[in-house]
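Commentary on secondary and tertiary structure
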Amino acid sequence: MRLIRNVLARHGRGAHHRIRRPLPLVLTLLLLLAGAAACAGGDAALPGARDGQDAAGLGQLKGQARRQGQEQQGQERQGREEQGREEQDQEQQAPAPPKVKLTPEQRLAAAQRWGLDQAPLVAPSPPREKPRLTTPEWADQGPDLIPAPAHVPTDQKIAFLTIDDGAAKDREFLDMVRDLQIPLSAFLTDESAAEDYGYFRDLHALGVSIQNHTLHHPQMNHISEDEQYTEICGQQDILEREIGVRPTLFRPPFGDFDADTLAVAEECGTRAAPLWNEEAFADRMDFRHDDQRFHPGDIILTHFNGPKAWGGTMCDMLRTVLRKVTEQGYALARLEDYA
Ligand SMILES: [Zn+2]
């Protein structure tokens, strides 16, 4: 089971300490076009599908290109990027709606409309200062890297639901998230999400944070550092263009990564690479903890899936999660407010 696997290959470090400067604009555009063409060519892949060949193609283009022209343009662009990042941080940290706060009676009525006996618990306000995240021992890749947390340090009974890839674009799920005011984070792969970024703009408008899950969903520790750069920075650019916000979190596909991945993710502007302690399906949950319970601050993984992939809908998955967390006294919170 992937949840428990995560024996991560250790990669030679050293290369990722050098500061990488952004590509010239024209080349970046070329790469984005190549990425879009590659995505348009394939069916929307279900989660778990691998697409290493596309990644490899893009990586070849870039490796050489990155070293050319960066001398002239690097510094100026870097300055602009830093300024941009500060602005984006402020944007990202803006509190999510709920625009209308539901009364307990309204919450219960909404829950019952969606087939739940109990209203989901409401998380307390997030802390003013985000907690310091750490990487669990089983995922550790060495010092001086951004964290890859499987949980957020907190005493509160909260958990974070994170949804990956973007294959299923279920409109009923949007309604459920809106009615129940569920905080979520979505980690999008371009090859799965690209056919309808409008769906994810609608999710984002409900306060769902949209984060990075690569262009083509490769196993990051099996591709070169240059290819990893293309996969992460390329998706940063696409999400910024499509959603209007540059992601601050990066989730490695399959939970597989090496030290280079985390160094590149930081270069591309993300500050953490969240993993998970639970995985949710339409009809069940898998727990990493031996006691088969949530622990405070746990991150839950699930996917944009449908009946073909897991025998139920996105709403079935959300019902399963809400029943489990509520029964154990937990509320869902939004990862981005803590990480
Ligand atoms: Zn994935």
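Residues numbered from 1 in each chain as written. Predicted model: local features only at pLDDT ≥ 70, side-chain atom pairs only at ≥ 80, totals over all residues.

In the annotation of an unreviewed UniProt entry, the protein chain is listed under the name Polysaccharide deacetylase family protein and assigned to Streptomyces klenkii.

**Thoughts on the overall build of the protein chain**
Counted only if it meets this: The numbering of helices and of strands both runs from the N terminus, where a helix is a DSSP run of H or I of at least 4 residues and a strand a run of E of at least 2. For the exposure call, what matters is how many other C-beta atoms sit within 10 Å of a residue's own: 20 or more marks it buried, 12 or fewer exposed, and in between partly exposed, using C-beta atoms placed from the backbone. C-beta atoms are first placed from the backbone for all residues, and any pair lying within 7 Å is then listed as a contact.
A count of helical and extended segments in the protein chain gives eleven helices and eight strands. Relative to its 339 residues, the protein chain shows a buried fraction of 42%. A sequence separation of at least 24 residues applies to 79% of the contacts in the protein chain between residues at least 6 apart.

**Some points on the environment of threonine 326**
Considering the arrangement of structural elements, one finds threonine 326 in helix α11 (residues 314-327). When the 18 C-beta atoms within 10 Å are taken as the criterion, threonine 326 is described as partly exposed. Separated by 206 residues in the primary sequence, threonine 326 and proline 120 have C-alpha atoms spaced 5.9 Å apart. Each residue touching threonine 326, except ones within four places of it in the same chain, is listed here: Gln118, Pro120 and Leu121.

**Description of the pairing of strand β7 (residues 298-303)**
Condition: The criterion for strand pairing is that DSSP finds at least two bridges linking the strands in question.
Most of β7 is tucked away, with six of its six residues classed as buried. With burial as the criterion, each face of β7 is covered, one bearing Asp298, Ile300 and Thr302 and the other bearing Ile299, Leu301 and His303. Looking at chain direction, strand β2 (residues 158-165) and β7 are connected through six bridges and run parallel. Paired with leucine 161 across the strands is isoleucine 300, a residue of β7. Summarising the sheet, strand β5 (residues 278-280) and β7 pair through two bridges and their orientation is parallel. Among the inter-strand pairings, glutamate 279 is bridged to a residue of β7, identified as leucine 301.

**Here's the deal with the packing of helix α8 (residues 225-243) against helix α9 (residues 259-267)**
As a reminder, the rule being used: Only the contacting stretch of a helix is used when fitting its axis, a line to C-alpha atoms as for every element, and angles between N-to-C directions run 0 to 180 degrees. By definition in this entry, angles of less than 35 degrees are roughly parallel, angles greater than 145 are roughly antiparallel, angles of 65 to 115 are roughly perpendicular, and the rest are oblique. The crossing is said to be left-handed when, going from far helix to near helix, the turn is anticlockwise and less than a right angle, and right-handed when the turn is clockwise.
Look at α8 against α9: their axes get within 9 Å of each other, and the N-to-C directions meet at 40°. Comparing the axis directions of α8 and α9 gives the class oblique. When the axes of α8 and α9 are compared, the crossing they make is right-handed. Where α8 abuts α9, its residues Glu225, Gln228, Tyr229 and Ile232 lie against Asp260, Thr261, Val264 and Ala265.

**A look at unusual backbone geometry**
Phi is positive for aspartate 144, close to 60°, though the residue is something other than glycine. Position of aspartate 144 relative to the elements: it lies in the loop between β1 (121-122) and β2. By C-beta crowding, aspartate 144 is classed as exposed, having 11 other C-beta atoms within 10 Å. Positive phi values are uncommon outside glycine, yet glutamine 181 reaches one of about 50°. Topologically, glutamine 181 is positioned in the loop between α5 (171-180) and β3 (185-188).

**Things to note about the environment of aspartate 179**
Among the structural elements, aspartate 179 can be located in helix α5. The spatial distance from the C-alpha of aspartate 179 to the C-alpha of tryptophan 114 is 8.9 Å, given a sequence separation of 65 residues. Residues contacting aspartate 179, with those up to four places away along its chain left out, are Ala110, Arg113 and Trp114.

**Focus on α11**
Which entries qualify depends on this criterion: In a helix, the anticipated span is given by 1.5 Å times the number of residues less one. Arc definition: it is the arc formed by the directions from the helix axis to the C-beta atoms.
Compared with an ideal rise of 1.5 Å per residue, which puts 14 residues at 20 Å, α11 spans 20 Å between its outermost C-alpha atoms and is within 8% of the ideal. All of the buried residues along α11 are Met314, Met317, Leu318, Val321, Leu322 and Val325. For α11, the angular spread of buried residues about the axis comes to 125°, placing them on one side. Against β2, α5, β5, β6 (285-287), β7 and β8 (331-333) lie the buried residues of α11.

**A closer look at the environment of glutamate 231**
Mapped onto the secondary structure, glutamate 231 falls in helix α8. We classify glutamate 231 as buried; it has 33 C-beta atoms within 10 Å. Linking glutamate 231 and histidine 213, residues 18 residues apart in sequence, is a C-alpha distance of 8.6 Å.

**Describing the nonpolar core**
Stated formally: Residues of type Ala, Val, Leu, Ile, Met, Phe, Trp, Tyr and Cys that are buried and joined through C-beta atoms within 7 Å form what is called a nonpolar core.
Counting residues in each nonpolar core, the largest one holds 67 residues, and the members touching the most others are Ala159, Phe160, Ala186, Phe200, Leu262, Ile300 and Val321. For alanine 186, the residues in contact, after removing those within four places along its chain, are Ile163, Phe200, Leu203, Val208, Ile210 and Gln211.

**Concerning α9**
Here α9 lies mainly inside the structure; seven of its nine residues are buried. Inspection of α9 places Ala259, Asp260, Thr261, Leu262, Ala263, Val264 and Ala265 among the buried residues, and these make up the whole buried set. Against the buried residues of α9 lie α8. Just beyond α9, the residue with positive phi is glycine 269, at close to 105°.

**Re the packing of α5 against α11**
Here is the rule: Polar here means any residue other than Ala, Val, Leu, Ile, Met, Phe, Trp, Tyr, Cys and Pro, which are nonpolar, and Asp, Glu, Lys and Arg, which are charged; Gly is therefore polar.
Close contact between α5 and α11 brings their axes to 8 Å; oriented N to C, the two are set at 35°. Where α5 approaches α11, its residues Glu172, Phe173 and Met176 are matched on the opposing element by Met314, Cys315 and Leu318. Considering only residue class, the contact of α5 with α11 consists of five nonpolar, no polar and one charged.

**A few points about the confidence of the model for the protein chain**
Detailed conclusions should not be drawn from predicted coordinates in areas where pLDDT is low. Note the threshold: On a scale of 0 to 100, pLDDT captures the predictor's confidence in every residue.
For the protein chain, per-residue confidence averages 80 on the pLDDT scale, and 71% of positions sit at 70 or higher. A low-confidence stretch, residues 1-82 (pLDDT under 50), is modelled with 112 contacts involving residues beyond four sequence positions or located in other chains. Between residues 84-91, whose pLDDT stays under 50, and residues either more than four places distant or in other chains, the model counts four contacts.

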